[in-house]
Amino acid sequence: MKNTNYQGLSNDEVFCTVFKNDETAMRVLQAIFPDVKMSEVLLNTAGCEQDEVNGPLAQVVVLDEDEKKHFYSLRMGKESDDIGRLGRFCKSKMDMTMFRLIGEDYFDEDCGAVILCGFNPFGGDNSVKEVSSYRSTKDPDLVLPGQCPLIIINGKGEEEGESSEMKSLTHVICGDYSLNEPLAVFLKEKIIAANKKLNLVK
């Protein structure tokens, strides 16, 4: 994609076009949640959820290998965003969707509201790669029950210990398509196709 003015995932139309593909949504979510062995997408609202202030939101329900449902939302953050406000919006939308699909007993379901940032949303500290709310400070693996975690991924953060899939994702959300890793190549192809479909290629 060198020397070509392709629009990346921070472009709302490109984001919706890329993520309305179920395989794309599942592969990105699998990179973020590697412990969930995803097998099928049951619902994907990419391109449907529009909000004048907060932009497009992809809500995705996946089924794992044990036939358990998991509820996620994906949103690209922008430097002009109020990330705290955007996070509140994403989580409230997730709650509304789960309530609509499950009813009042949705609190025990696995879920996560993810904001992907191709910039550092945490200021000058690039050591912070990911923040997840409602986790214990003493035991980061412990998620407090009854809450939808907000997960903010810093594409500019340190890469030490990252899987190739997560490294691919963070490079792509920053507009870097140079990695020759399977997910990076896959997302690059989807972004190019979306640009051509939307007539955005200069």
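Residues numbered from 1 in each chain as written. Predicted model: local features only at pLDDT ≥ 70, side-chain atom pairs only at ≥ 80, totals over all residues. Heavy atoms only, no water.

Caption draft 1: Looking closely at the overall build of the protein. Tallying secondary structure elements over the protein gives five helices and six strands in all. When its helices and strands are written in sequence order, the protein yields α-α-β-β-β-α-β-β-β-α-α. (Helix = DSSP H or I, 4+ residues; strand = E, 2+ residues; numbered from the N terminus.)

Caption draft 2: How the structure looks around helix α3 (residues 83–102). A rise of 1.5 Å per residue sets the reference length of α3, with its 20 residues, at 28 Å; its end C-alpha atoms lie 28 Å apart and thus fit the reference within 8%. Listed in full, the buried residues belonging to α3 are I83, L86, G87, F89, C90, K91, M94, T97 and M98. Lining the buried residues of α3 we find β2 (58–64), β3 (69–77), β4 (110–117) and β6 (150–154). With a side-chain oxygen lying 3.2 Å from the backbone nitrogen of G84, the N-terminal cap of α3 falls on D82. A positive phi of about 105° marks G103, the residue just after α3. (Expected span 1.5 Å × (residues − 1). Buried < 20%, exposed > 50% of the residue type's maximum accessible area, 1.4 Å probe, protein only. Contact = heavy atoms within 4.5 Å. Polar contact = N/O pair within 3.5 Å; in protein donor to acceptor, adjacent residues only side chain to side chain.)

Caption draft 3: Spotlight on the environment of C117. With respect to the helices, strands and loops of the structure, C117 is situated in strand β4. Given a relative accessible area of 0%, C117 falls into the buried group. Beyond its immediate chain neighbours, meaning those up to four positions away, C117 contacts G77, I83, I152, I153, N154, G155 and I173.

Caption draft 4: Geometry of the pattern of salt bridges. Applying the stated criterion across every chain, the model contains two salt bridges. D12 is paired through a salt bridge with K78; the nearest N and O atoms lie 3.0 Å apart. Within this pair, whereas D12 is found in helix α1 (residues 12–19), its partner K78 is found in the loop between β3 and α3, the two being separated by 66 residues in sequence. Classification of K78 by relative accessible area gives partly exposed; the value is 25%. (Salt bridge = Lys/Arg side-chain N within 4 Å of Asp/Glu carboxyl O.)

Caption draft 5: Quick look at the nonpolar core. Counting residues in hydrophobic clusters, the biggest one holds 38 residues, and the most contacted among them are L9, F19, I32, F33, L74 and L116. Here this core takes six residues from helix α5 (residues 182–197), the largest share from any one element. Beyond its immediate sequence surroundings of up to four residues, L116 is in contact with I32, L74, R75, M76, G77, I153, L169 and I173. Counting 18 residues, the second largest nonpolar core, distinct from the first, contains I83, C90, C111 and I115. (Core = buried A, V, L, I, M, F, W, Y, C linked by side-chain atoms within 4.5 Å.)

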